[in-house]
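Survey of secondary and tertiary structure
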Protein chains: 2
Amino acid sequence: MKLPTRRAFLATGATGLGGVAAGAAASALLLDDGSPATPAADRVTSLGTASVAAPFPHQAGISVPAQQQGHGTVAAFDLVPGASPAQLKALMQAWTAAIADLTAGRAPAGDPDTTALGSGPCSLTITVGFGPSLFGKAGLDAARRPPQLAPLPVFGTEKLDPARGDGDLGVVLAADDALVVFHALRTLTRAAAGTAKPRWVMSGFSRAPGSSPDPDATGRNLMGQLDGTNNPAPAQPDFASKVYVAPDDATAWMRGGSYLVFRRIRMLLTSWDAQTTAEQERVIGRRKDTGAPLSGGTEHTPVNLAGQNPDGSLAIRGDAHIRLAAAAGNGGAAMLRRGLSYDDGLTADGEPDAGLLFLAWQADPGHGFIPVQQRLTRNMDALNRFTTHETSALFAMVPAAPPGGYLGQGLLGA
Amino acid sequence: MKLPTRRAFLATGATGLGGVAAGAAASALLLDDGSPATPAADRVTSLGTASVAAPFPHQAGISVPAQQQGHGTVAAFDLVPGASPAQLKALMQAWTAAIADLTAGRAPAGDPDTTALGSGPCSLTITVGFGPSLFGKAGLDAARRPPQLAPLPVFGTEKLDPARGDGDLGVVLAADDALVVFHALRTLTRAAAGTAKPRWVMSGFSRAPGSSPDPDATGRNLMGQLDGTNNPAPAQPDFASKVYVAPDDATAWMRGGSYLVFRRIRMLLTSWDAQTTAEQERVIGRRKDTGAPLSGGTEHTPVNLAGQNPDGSLAIRGDAHIRLAAAAGNGGAAMLRRGLSYDDGLTADGEPDAGLLFLAWQADPGHGFIPVQQRLTRNMDALNRFTTHETSALFAMVPAAPPGGYLGQGLLGA
């Protein structure tokens, strides 16, 4: 098999607009003779060269890339007291320019930070939005806050840490290399100096590209479940209306944007591990190995909520997570979940400080996360005993910048 | 170009002994027509199938794989009070068996945890050792502690958190997929139940495979420096004597093992960023972009400590990090550094909680980390102003298990 030389690698580094510009395609070559190393030129992969363009009018990082990147960081910034409208506008202009450079694998002009020097774009996406608390600051009339951006209601089972939730600005960064993500957030932080500063930062991971023989396979979370089986798929005709704000929405500056609900959900893994696999499957309503619903079939078989066991009991228990979360019981509520696993070591009492950075994208949280979470709480979702919602945030993730313009221009440019 | 089908991928999944059994070789294919996705069979890569065998008599994870994996976790366990010699021996036997399964990509027998189901071995390595505090517990005579495992001396500039340092047992796990690392540590933790429990767990990252066009390029740390330029190289004739305990060492059970010094070193990145690039380069003694010493040349040019600037001043300042760390000034002290960057978000005062999980492997810390760190401390290494050593640990990382035997058998099997 002919493999590309380093020269060929560099020549393919530039990618244009057009959705996912560089699909990561690679071939396997194993050394059966036990050779200790592969010649350098043969070990090159395309991972670093892949870049992801914004699928206008949407920002990248919501429904593209199709295969979620291996690393992600979610960060919130607060404006410094007294920040002016001109400062906020200048910040969004600076971030828009920096994002164009960073996601193309270029160092922003004057960037003294060499952390990611030598790394390609690595499918970096950076997605930006506004929190409820921004309205009323920097000259923004509180009345301009969209109804979809009203602070989330209180849910009965959550134990939220306010210091690690909310925020005036929200940013989601993801790439296939953690150093590239880190460098990008440092670059945005420097660009914000004097106008906004980080409020909280959390990082997590998804399956690395190439880790699984089937790149389209649903990923697993730290409880071992396939997570995301029922996600809306871009090929479905109602995908855009579920995920993106409609072109005729009353809030003109959010048309083509998406509302992000972020929750840090700790998994109580010691309690979880103490259950039998059969009990874990009853809690979720799906098989752990294949992801098939307990009503039968395979992973993508539609769930039959009326299905019965031979003894006449419900195949999917009354408090099973997938029964309570099902769209059918929530007025058709839907959201695109693209979560990250996190592992922050041990808690003060020696338990795993690990779980899910839950990210759900939707056209309207009132027809997405909110009714689902209310039903899960009210009806005592069996999964509640094994999870704790520790932090929460909501952001209006704006549409892509208009040509020659900047992110948030529809709101800030008037 | 012909790309392998999924069938070909699966067929190559089995690898035998022999150093790095599967080199990750891959080819780049870019889609210039903006096609939204690559056919699934064409996106398969070899990342997941790579497995790393122990380079007998050494454990894997020290000098192999040659290219460090993208993710790593360092964990310490403490024995439960009153753990018996038989329990400790059974634990090491269970870990040895689990490590053989996990690093080959197999689920250990009876493992109910599906977290990594569907992922290949992803170059997983798990390296195990004993801390100073183990001696005196589980029937181990305190006098059997090797002289090289004496607790590290106190260094003037450190600010150590004892709760997050030390430990009876030390484990280093690394792979190219974070989920695989997480699953492996959970598996070891379950196997230890009743005998030992986690004391602290920290995770970090290195450059992802394929992120850089040159896989042999030195990696960068979060300050932007190339880090590891002067590492001993396996091709050097004295590599083994620097890194691995000698075949005639007085402590027979450590022959072929290595001593690991672990330090969590926080980088004071806001202060660092406030320096000019020229000042940052004087602090280190190397150029930030190329890694070349300020005495001239390119990255791998030997450092000329006597080199002068045109004005007669030293090219590498008296307090420059590379001057004080140089082996020439430390009695030839050498160690193999394979660190990980970490990003744990923000500290309580809003600063980056990020830096380096420093891992240094050596035949004897008394001729490695200890004299170097003493000199860096005493002579006011300029880098000290931008770093804080927050935690510390030392472990005797044992040799590979003998054929049919278990890790630590030389000590515990008598």
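To continue, consider the overall build of chain A. Helix and strand content of chain A: 9 helices and 9 strands. The 414 residues of chain A split such that 55% are buried. By sequence separation, contacts in chain A at least 24 residues apart represent 76% of the contacts at least 6 residues apart.

Attention now goes to the packing of helix α2 (residues 85-103) of chain B against helix α3 (residues 178-192) of chain B. Residue and element names in this part refer to chain B. Viewed as axis vectors pointing N to C, α2 and α3 meet at an angle of 155°, and their least axial separation amounts to 10 Å. Relative to α3, the element α2 is oriented roughly antiparallel. You can see that α2 and α3 cross each other, and the crossing is right-handed. Within the contact between the two elements, α2 uses Leu91, Ala94, Trp95, Ala98 and Leu102 and α3 uses Ala184, Thr187, Leu188, Ala191 and Ala192. Of the residues belonging to the contact of α2 with α3, the class tally is 9 nonpolar, 1 polar and no charged.

It is worth spelling out the nonpolar core at this point. Residues Trp95, Val181 and Ala184 of chain A together with Trp95, Val181 and Ala184 of chain B are the most contacted members of the largest nonpolar core, which totals 202 residues. Residues contacting Val181 of chain B, with those up to four places away along its chain left out, are His71, Gly72, Thr73, Leu173, Ala174 and Ala175 of chain B.

With that out of the way, let us pick up the pairing of strand β5 (residues 258-267) of chain A. Residues and elements named next belong to chain A. Here β5 lies mainly inside the structure; 9 of its 10 residues are buried. Two elements, β5 and strand β8 (residues 352-362), share 8 bridges in a ladder whose sense is antiparallel. Within the sheet, the bridge partner assigned to Arg266 lies in β8 and is Gly355.

Our next topic: the pairing of strand β7 (residues 340-346) of chain A. Residues and elements named next belong to chain A. In terms of strand pairing, β7 meets β8 through 5 bridges, oriented antiparallel. Across the sheet, the residue bridging to Ser341 is Leu356, located in β8. The loop that links β7 with its antiparallel partner β8 comprises 5 residues; one of these, Gly350, has a positive phi angle of about 80°.

This part is about the environment of Val261 of chain B. Assignment of secondary structure puts Val261 of chain B in strand β5 (residues 258-267). Aside from chain neighbours lying at most four places away, what touches Val261 of chain B is Ala360, Pro365, Phe369 and Leu394 of chain B.

A few words now on unusual backbone geometry. A cis amide bond links Phe56 of chain A with the next residue in sequence, Pro57 of chain A, at an omega value of 10°. Along the polypeptide, Pro57 of chain A turns up in the loop between α1 (6-11) and β1 (71-79). Despite not being glycine, Ala138 of chain B shows a phi value in the positive range, around 50°. By secondary structure assignment, the location of Ala138 of chain B is in the loop between β2 (125-130) and β3 (169-175).

An α-helical segment advances 3.6 residues per turn. Residues three or four places apart therefore align on the same side. All names here are of chain B. Look at α2: 27 Å from first C-alpha to last across 19 residues, which is about the 27 Å you get at 1.5 Å a residue. Along α2, the residues classified as buried are Leu88, Leu91, Met92, Trp95, Ala98, Ile99, Leu102 and Thr103. End-on, the buried residues of α2 take up no more than an arc of 135°, which puts them together on one face. Buried residues in α2 make contact with β1 (71-79), β2, α3, β4 (196-205) and α9 (409-412). Looking at the residues trailing α2, positive phi occurs at Gly105, about 80°.

This next bit is on the environment of Met202 of chain A. By the secondary structure assignment, Met202 of chain A is in strand β4 (residues 196-205). Take Met202 of chain A: there are 21 C-beta atoms within 10 Å of it, and that puts it in the buried class.

Let us now look at the environment of Gln373 of chain A. On the secondary structure map, Gln373 of chain A appears in helix α8 (residues 369-378). Distance in space between the C-alpha atoms of Gln373 of chain A and Pro153 of chain A is 9.9 Å, their sequence separation being 220 residues.

Glancing now at the confidence of the model for chain A. All names here are of chain A. Averaged over all residues, the pLDDT of chain A is 88; the fraction at 70 or higher stands at 89%. Per-residue pLDDT stays below 50 along residues 1-44; that stretch engages in 121 contacts with residues further than four places along the chain or on separate chains. Here the complex is predicted with pTM 0.90, and the ipTM for its interfaces comes to 0.89.

Here is what the cut-offs are and how they apply
Residues numbered from 1 in each chain as written. Chains lettered and ligands numbered in written order. Predicted model: local features only at pLDDT ≥ 70, side-chain atom pairs only at ≥ 80, totals over all residues. Helix = DSSP H or I, 4+ residues; strand = E, 2+ residues; numbered from the N terminus. Buried ≥ 20, exposed ≤ 12 C-beta atoms within 10 Å, placed from the backbone. Contact = placed C-beta atoms within 7 Å. Axes fitted to C-alpha atoms, helices over the stretch in contact; angles between N-to-C directions. Parallel < 35°, antiparallel > 145°, perpendicular 65-115°, else oblique. Left-handed = near helix turned anticlockwise from the far one by under 90°. Nonpolar A, V, L, I, M, F, W, Y, C, P; charged D, E, K, R; others polar. Core = buried A, V, L, I, M, F, W, Y, C linked by C-beta atoms within 7 Å. Pairing = 2+ DSSP bridges. Expected span 1.5 Å × (residues − 1). Arc of directions from axis to C-beta. pLDDT = per-residue confidence, 0-100.

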